[in-house]
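Observations on the three-dimensional arrangement
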Amino acid sequence: GARLDKEAGNLRLTVGDTSLLLHPLGPNQFFLDHNGRRVNVAAIKHKDRIFVDIDSVLLELKEATEENVAGGAGDHGADPDKIFAPMPGKIVKICVELGQEVNPKQQMVIVEAMKMENPVLCRAKGTVKAINFKDGDQVDTESPIIELELLKE
């Protein structure tokens, strides 16, 4: 398991035999020294999720609750016809237009959160039937940014 201990104003993260010292940079922002290399870490909590950004690699951690252990009501994996923001943020750019055909892994929208641009990819083949936001809009994780008409293979 992993342990997090406070140590002289810093946080020490211990995972197995590895121990890392996190130095606070500001609210939700840290840096750590990993074998002499400085790595930036940002963390933000939203509802039951904690998003951790380590050197531009985004991890989404879910707190274990009855609901998400049972089946994940908040997870949008069951809605391949809708594109949601991975975390609350601002839309930087909508990359598709109404009526456009899209394919899995195609970049649909870029959402900026924690000063990071996060591309959101398509999960199914379809046609864009609705774009519910525009560039510059603030979004949460509950409202679909883009809705698709799925194409039957």
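Look up: the structure comes first, before these words.
Residues numbered from 1 in each chain as written. Predicted model: local features only at pLDDT ≥ 70, side-chain atom pairs only at ≥ 80, totals over all residues. Heavy atoms only, no water.

This part takes up the sheet that holds strand S9 (residues 89-94). Taken in spatial order, the 4 strands of this open sheet run S12-S11-S9-S14, and their pairing is antiparallel. Either end of the sheet is taken by a strand with one partner, and the two such strands are strand S12 (116-121) and strand S14 (138-139). Relative to S14, S9 runs antiparallel, the two sharing 2 bridges. Bridging from a neighbouring strand, lysine 90 pairs with glutamine 138 of S14. (Pairing = 2+ DSSP bridges. Helix = DSSP H or I, 4+ residues; strand = E, 2+ residues; numbered from the N terminus.)

With that out of the way, let us pick up the pairing of strand S2 (residues 10-15). Where strand S1 (residues 2-7) lies against S2, 6 bridges are found, and the strand directions are antiparallel. Directly across from alanine 2, in S2, lies its bridge partner valine 15. In this antiparallel pair of consecutive strands, S1 and S2, the connection spans 2 residues, and alanine 8 shows a positive phi of 50 degrees. By the bridge criterion, 5 bridges tie S2 to strand S3 (residues 18-26) in an arrangement that is antiparallel. Note on S3: the bridge partner recorded for threonine 14 is serine 19. Linking S2 to S3, which pair antiparallel, is a turn of 2 residues; within it glycine 16 sits at a positive phi near 60 degrees.

With that settled, consider the side chain of threonine 141. As for its position among the elements, threonine 141 is in the loop between S14 and strand S15 (146-150). For threonine 141, a relative accessible area of 8% corresponds to the buried category. A polar atom in the side chain of threonine 141 sits 3.0 Å from the side chain of glutamate 142. (Buried < 20%, exposed > 50% of the residue type's maximum accessible area, 1.4 Å probe, protein only. Polar contact = N/O pair within 3.5 Å; in protein donor to acceptor, adjacent residues only side chain to side chain.)

Let's shift gears to the sheet that holds strand S8 (residues 82-83). Spatially, the 4 strands line up as an open sheet ordered S8-S15-S13-S10, and their pairing is antiparallel. Single-partner strands in this sheet number two, and they are S8 and strand S10 (101-102).

Counting residues in hydrophobic clusters, the biggest one holds 16 residues, and the most contacted among them are Met108, Val109, Ile145 and Ile146. Put simply, the parts of the chain that give this core at least two residues each are S9, strand S11 (107-113) and S15. When residues in this core are grouped by element, the largest group, 3 residues, is from S11. When near neighbours in sequence (up to four residues on either side) are disregarded, methionine 108 contacts Ile83, Ile94, Cys95, Val96, Val102, Val120, Leu121, Cys122, Val128, Ile146 and Leu148. Leu20, Phe30, Val41 and Val52 belong to the second-largest nonpolar core, a separate cluster that totals 8 residues. (Core = buried A, V, L, I, M, F, W, Y, C linked by side-chain atoms within 4.5 Å. Contact = heavy atoms within 4.5 Å.)

These values are about where atoms sit, not about what they do.
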